[in-house]
Each structure stands twice: as C-alpha cells, then as structure tokens.
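Secondary and tertiary structure notes
Spelled out from the first residue to the last, the chains are:
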Amino acid sequence: MIIEFEEQLLALIDQRVETASDDELFAGGYLRGHISLSAADCEAEGINDIEQLKGRIVASLEAARSELAPADRTIVNDLWQELQNEI
C-alpha cells in the first residue's frame with residue numbers, strides 16, 4: 001500500500017516535468033527525496049498506513065525546514081498539498 005502510494009505521488013511529479021516552471025521542478029525534486037525516504041522508513045518498519053506515511057513526509061519536510069528559504073518552503077508545501085489533492 002505504501003509503495004503504491006509512493007509510486008502514485010512520484011508519477012504525478014513526473015507528469016508535471018514537461019510543463020513545470022523552474023520552481024515547480026525544484027519542488028518536485030525536493031519532494032521526491034522526502035517521499036521516497038519516508039516510504040522506505042515505513043516499509044522497513046512494516047507500516048502500511050497511508051496517513052502515517054503522509055505524517056512522516058510532513059515531519060521530514062518540517063525537520064529540513066532550515067534548508068529552504070521561506071519562499072521555497074511555500075512552493076514545496078503548495079506542491080505537496082496539490083499532490084495529495086490529486087490522489
């Protein structure tokens with residue numbers, strides 16, 4: 001279940017590549033790492049709950065908050081919300 005959700009998220013990011021702005025490309029690449037790491041952690045721990053995966057992604061983004069400028073955080077968070085709404 002976790003892997004399928006991860007694949008759906010990554011596919012949505014990939015679908016945007018051709019029409020994405022530079023900011024959207026950045027946000028997609030940045031999110032890919034957080035999504036994949038969170039999914040791998042869930043899988044390693046035997047967690048199959050999508051809501052727990054989403055929570056881990058949010059926690060991962062929050063933990064890395066200082067890596068991004070406020071404007072970049074907004075772009076990443078906006079894309080994360082869009083992806084969740086599309087699935």
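Let me begin by describing the structure that accompanies this report. (Residues numbered from 1 in each chain as written. Predicted model: local features only at pLDDT ≥ 70, side-chain atom pairs only at ≥ 80, totals over all residues. Heavy atoms only, no water.)

Some thoughts on helix α1 (residues 2-15)
- Taking 1.5 Å of rise per residue, 14 residues should cover 20 Å, and α1 covers 20 Å from first to last C-alpha, within 8% of that figure.
- Here the buried face of α1 lies against α2 (22-44), α3 (50-63) and α4 (70-86). (Helix = DSSP H or I, 4+ residues; strand = E, 2+ residues; numbered from the N terminus. Expected span 1.5 Å × (residues − 1). Contact = heavy atoms within 4.5 Å.)

Regarding the environment of serine 60
- Within the element layout of this structure, serine 60 appears in helix α3.
- Residue serine 60 is classed as partly exposed on the basis of its relative accessible area, which comes to 23%.
- The spacing of serine 60 and leucine 9 is 51 residues in sequence and 16 Å in space, taken between C-alpha atoms.
- Side-chain polar atoms of serine 60 contact the side chain of histidine 34, separated by 2.5 Å. (Buried < 20%, exposed > 50% of the residue type's maximum accessible area, 1.4 Å probe, protein only. Polar contact = N/O pair within 3.5 Å; in protein donor to acceptor, adjacent residues only side chain to side chain.)

A few points about the nonpolar core
- In terms of nonpolar packing, the biggest core is built from 23 residues, with Leu31 and Ile35 touching the most fellow members.
- Looking at this core, the elements that each hand over two or more residues are α1, α2, α3 and α4.
- Beyond its immediate stretch of four places on either side in the chain, leucine 31 contacts Ile13, Leu61, Val76, Leu79, Trp80 and Leu83. (Core = buried A, V, L, I, M, F, W, Y, C linked by side-chain atoms within 4.5 Å.)

Quick look at the layout of surface pockets
- Roughly 170 Å³ of volume is contained in the largest pocket.
- Those elements that place two or more of their residues in the lining of the largest pocket are α3 and α4.
- The biggest single contributor to the lining of the largest pocket is α4, with 5 residues.
- Its residues assigned to classes, the lining of the largest pocket comprises 7 nonpolar, 2 polar and 3 charged. (1 Å grid on protein atoms, 1.4 Å probe; cavity = no way out; pocket = protein on both sides within 12 Å on 5 of 7 lines; lining within 4 Å. Points joined across faces, edges and corners; volume = space filled by probe spheres on them. Nonpolar A, V, L, I, M, F, W, Y, C, P; charged D, E, K, R; others polar.)

Describing α3
- Compared with an ideal rise of 1.5 Å per residue, which puts 14 residues at 20 Å, α3 spans 20 Å between its outermost C-alpha atoms and is within 8% of the ideal.
- Turning to α3, its buried residues number three or more, namely Ile50, Leu53, Lys54, Ile57 and Leu61. Angularly, the buried residues of α3 cover 100° about the axis, an arc narrow enough to put them on a single face. Along α3, exposed side chains directed more than 90 degrees from the buried face belong to Glu51 and Ala63.
- Taken together, the buried residues of α3 touch α1, α2 and α4. (Arc of directions from axis to C-beta.)

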